[in-house]
Amino acid sequence: MLESTPRVVKELELPLIRSNATFSKTCPSSYFMQLSKTWDRGNKNMRERILQDFVDNNRNKTGPQLEREFGNGASLFLTRVTAWLRLTYLLNCNVSLQLQAISIFISAASGSRFLAEFLEVGGVLTVLELLGLSQVKEADKAEALRLLINIANAGRKYKEFLCESYGVRTVADCLARSRSEVTQDYCQSLLYQLGVGNPKFLMQVYKSLLSLLTSSASSPTAQQMSGQALRLLLPSIQTIHPSIVDATISLLKSPHIQIQYEGYELIRELVKRQELQEVVLMQLIRLLKFVPTEDLLDDNDDRRRRGPKGVEEKTLQANNQWATAMLSEEKPSDSMLAIYIQQAYAAKLLGVIATSSNELAERMIQMQIASGLLNLIANVMHPDSQKYASNILIYLVQTFDYVAEALIQSMGRNFFDLLEDKPDTFYRELTWEQVKYLRKNTVRINAEDQEDDDAGDDDSGGSVSSDEDGKHTEGGLLNVNRRISRRVSSGKEEAFAFPTNKGNDLWDSPVRVDTGDAPAVTAPDNNKAAQNQSILNDYEKNKDAQEEPMVEELYHPFGHASSNVTFAGSKFKKSGADVSDKFYQELNQFRGTNEKKVHKDKEEFQVRFDEDLEKKMVQMKKDGGLFKTAPLPKITADVGQNASSGHPSMSKSNEQ
């Protein structure tokens with residue numbers, strides 16, 4: 001025993017593995033025998049040296065090449081590495097290096113025999129168990145996932161084997177718990193690979209991804225990764241349960257923008273399926289009609305009654321009287337803000353769907369989207385919601401004439417004029433009364449009734465020329481105006497219930513029809529003469545009392561901050577001598593201020609530049625060579641003599 005011990009130590013100290021040396025030897029079989037003895041007798045460091053040298057020199061090699069390197073003993077070396085992994089993966093013995101060595105065998109071309117042997121010894125179960133351990137490093141888990149991806153890429157039967165070994169649940173848990181983006185990316189790729197080309201376990205992968213996406217316990221990155229994988233798997237699924245719509249719409253109110261985006265893209269994919277279109281549209285339109293600030297508006301109504309007089313006449317966006325008070329005192333909570341974001345996404349999605357298909361747009365109209373859009377336009381707490389809602393409302397009005405007609409009948413001509421004249425900014429200039437009216441709107445649009453009305457109008461004898469018909473097909477609000485003119489002439493009454501912007505002549509008139517080439521008829525012929533006579537009488541009566549405003553009356557007072565109110569929110573003052581006196585007073589103030597400024601600038605210029613100019617003049621006088629080359633003094637002297645002597649030529653030139 002004493003003699004054998006030194007002999008073993010001597011064999012272990014032999015330099016069997018050289019750094020940066022390949023395993024290609026003159027006699028591979030004898031080399032493998034020597035290598036296997038070193039592996040069996042070596043310690044942890046020796047085995048890590050062998051694995052590192054193997055990984056560095058055998059990447060991307062095929063199965064036959066590996067067999068040639070080991071003298072047909074590659075399977076035996078793989079068995080040794082797998083056994084060491086199963087024994088030491090809990091002891092933190094460089095698990096990543098062992099998995100890299102196994103991946104070289106698994107991913108080798110024409111190396112299916114290595115893969116079968118790895119599965120037979122229970123290597124897959126060991127790797128899956130490794131993913132569920134908290135003490136394993138994230139780098140080791142990433143390497144294990146790479147190994148599993150290589151196994152899944154080998155074919156359908158290997159995907160089924162992974163799923164039967166509870167691989168889907170294990171990988172989904174790893175994705176939910178991991179905090180490394182590299183590991184999460186590998187989890188996403190593996191789940192997608194397990195779902196593609198694997199119809200037996202496709203629904204299992206689908207349900208796992210959906211539960212990850214809707215789970216609040218998952219990290220935002222994990223939800224994003226699961227959403228991306230789910231979006232890629234949707235085309236492979238034959239039938240989808242409608243419950244996915246509610247789960248996906250709930251993602252739109254997430255505080256994380258990446259989750260909102262995934263929910264937005266998922267809904268766009270779901271709308272492409274015929275069986276889910278009805279559910280998606282109903283859920284989105286229901287979101288538009290939800291009013292989370294009803295109590296807030298009622299509280300503000302009481303505060304407004306106690307407030308100063310005249311506040312109600314100012315617009316929300318221009319003067320910020322009511323809106324600023326609401327934002328400062330009644331700032332929306334996080335839950336209300338999440339609902340606002342969800343409603344904004346719903347309006348944006350409905351706009352995208354409506355522009356992509358007129359059929360779906362008409363189905364939205366039948367589901368009473370107009371009422372929800374009007375309710376969302378009144379949400380002054382979230383401008384994005386107002387913008388998206390107004391955009392889709394304008395699109396529906398311009399595309400479907402009966403929508404515009406129904407809006408005028410339900411909301412009144414004032415609202416339609418406001419929508420027509422300021423389509424991009426009208427929602428920023430709403431008064432408090434208008435907001436309250438929009439929130440309580442009861443607009444209902446029925447396309448069938450509108451078609452019957454159109455047929456009745458056509459049968460009543462109203463004929464239109466072919467040129468005018470061509471102009472009708474151009475679309476837009478001009479076409480709607482012409483059709484409304486015919487409706488007014490047919491005797492149908494309009495409801496002018498929408499409040500006007502007080503103090504603005506633009507919205508004072510109840511009916512204002514701009515028809516372009518087609519003349520508008522606003523009353524029956526028997527009343528036209530009486531109406532014209534009353535207009536003339538009113539004009540003659542007020543002709544002497546009201547004079548045209550002078551130019552100086554249309555001005556902004558000097559020294560006052562200019563208001564950003566547009567023409568829809570204010571009007572020019574035209575009467576009274578006080579305006580003229582105030583104008584001249586302000587004009588004199590401006591002149592006085594301007595003269596002081598001019599004198600001040602002149603004094604600063606003189607103080608700043610006079611000394612410099614004097615210095616330059618003194619230097620020029622001291623320069624003796626400035627006038628040397630010029631015979632000017634002589635010429636001037638001759639000229640002086642000629643002038644004094646009265647030379648005739650000079651006198652002639654002077655006369656000339």
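The structure this text deals with has already been given above.
The structure reproduced in this document is the subject of the present report. Source: prediction; values computed, not measured.

1. Here's the deal with the overall build of the protein
(1) Moving on: Helix and strand content of the protein: 34 helices and 0 strands.
(2) Moving on: For the protein, buried positions account for 41% of its 656 residues.
(3) Moving on: Taking the contacts inside the protein whose residues are at least 6 apart along the sequence as the reference set, 76% of them involve residues at least 24 apart.

2. Quick look at a positive patch on the surface
(1) Moving on: A cluster of basic side chains, namely Arg-268, Lys-348, Lys-387 and Arg-428, defines a positive patch on the protein surface.
(2) Moving on: Assignment of secondary structure puts Lys-387 in helix H24 (residues 383-399).
(3) Moving on: In this structure Lys-387 comes out as partly exposed when scored by relative accessible area, which is 33%.

3. Focus on the pattern of salt bridges
(1) Moving on: Per the counting criterion, the structure on display carries 12 salt bridges.
(2) Moving on: For Glu-67, the salt bridge is made with Arg-113, and the minimal N-O distance between the two is 2.0 Å. Of the two residues, Glu-67 sits in helix H4 (residues 63-69) while Arg-113 sits in helix H7 (residues 112-120), which places them 46 residues apart along the sequence.
(3) Moving on: What makes Glu-67 buried here is its relative accessible area of 10%.
(4) Moving on: A single salt-bridge network, built from bridges that share partners, covers Glu-67, Arg-113 and Glu-117.

4. Some remarks on helix H27 (residues 432-439)
(1) Moving on: Residues of H27 that are buried: Trp-432, Gln-434, Val-435, Leu-438 and Arg-439. For H27, the arc enclosing every buried residue in end-on projection is 160°, short of the 170-degree limit, so these residues lie on one face.

5. Observations regarding the packing of aromatic side chains
For any pair of aromatic rings, geometry is given as the distance between the ring centres together with the angle between the planes.
(1) Moving on: All chains considered together, the criterion is met by 13 aromatic pairs.
(2) Moving on: For the pair Trp-39 and Phe-77, a centre-to-centre distance of 5.8 Å together with 70° between the ring planes defines the contact as edge-to-face. Here Trp-39, found in helix H2 (residues 28-41), pairs with Phe-77, found in helix H5 (residues 74-88); they are 38 residues apart in sequence, far enough to count as distant. A single burial state applies to Trp-39 and to Phe-77, both of which are buried.

6. Looking at the packing of helix H14 (residues 220-233) against helix H16 (residues 257-271)
(1) Moving on: It is at 9 Å that the axes of H14 and H16 come closest, and there the two elements cross at 15°. Taken together, the axes of H14 and H16 are roughly parallel relative to one another. Here the hand of the crossing between H14 and H16 comes out left-handed. In this structure, H14 contributes Pro-220, Gln-223, Gln-224, Gly-227, Gln-228, Leu-230 and Arg-231 to the contact, and H16 contributes Gln-258, Ile-259, Tyr-261, Glu-262, Glu-265, Leu-266 and Glu-269.
(2) Moving on: Split into classes, the residues belonging to the contact of H14 with H16 amount to 5 nonpolar, 5 polar and 4 charged.

Rules used in this analysis
Residues numbered from 1 in each chain as written. Predicted model: local features only at pLDDT ≥ 70, side-chain atom pairs only at ≥ 80, totals over all residues. Heavy atoms only, no water. Helix = DSSP H or I, 4+ residues; strand = E, 2+ residues; numbered from the N terminus. Buried < 20%, exposed > 50% of the residue type's maximum accessible area, 1.4 Å probe, protein only. Contact = heavy atoms within 4.5 Å. Patch = residues over 30% accessible without salt bridge, like charges linked within 9 Å, V, L, I, M, F, W, Y side chains within 5 Å. Areas by Shrake-Rupley, 256 points an atom, 1.4 Å probe, with all protein chains shown as cover. Salt bridge = Lys/Arg side-chain N within 4 Å of Asp/Glu carboxyl O. Lys, Arg positive; Asp, Glu negative; His and termini not counted. Charge placed at Lys NZ, Arg CZ, Asp CG, Glu CD. Arc of directions from axis to C-beta. Phe/Tyr/Trp six-rings, centres within 6.5 Å; stacked < 30°, edge-to-face > 60°. Axes fitted to C-alpha atoms, helices over the stretch in contact; angles between N-to-C directions. Parallel < 35°, antiparallel > 145°, perpendicular 65-115°, else oblique. Left-handed = near helix turned anticlockwise from the far one by under 90°. Nonpolar A, V, L, I, M, F, W, Y, C, P; charged D, E, K, R; others polar.

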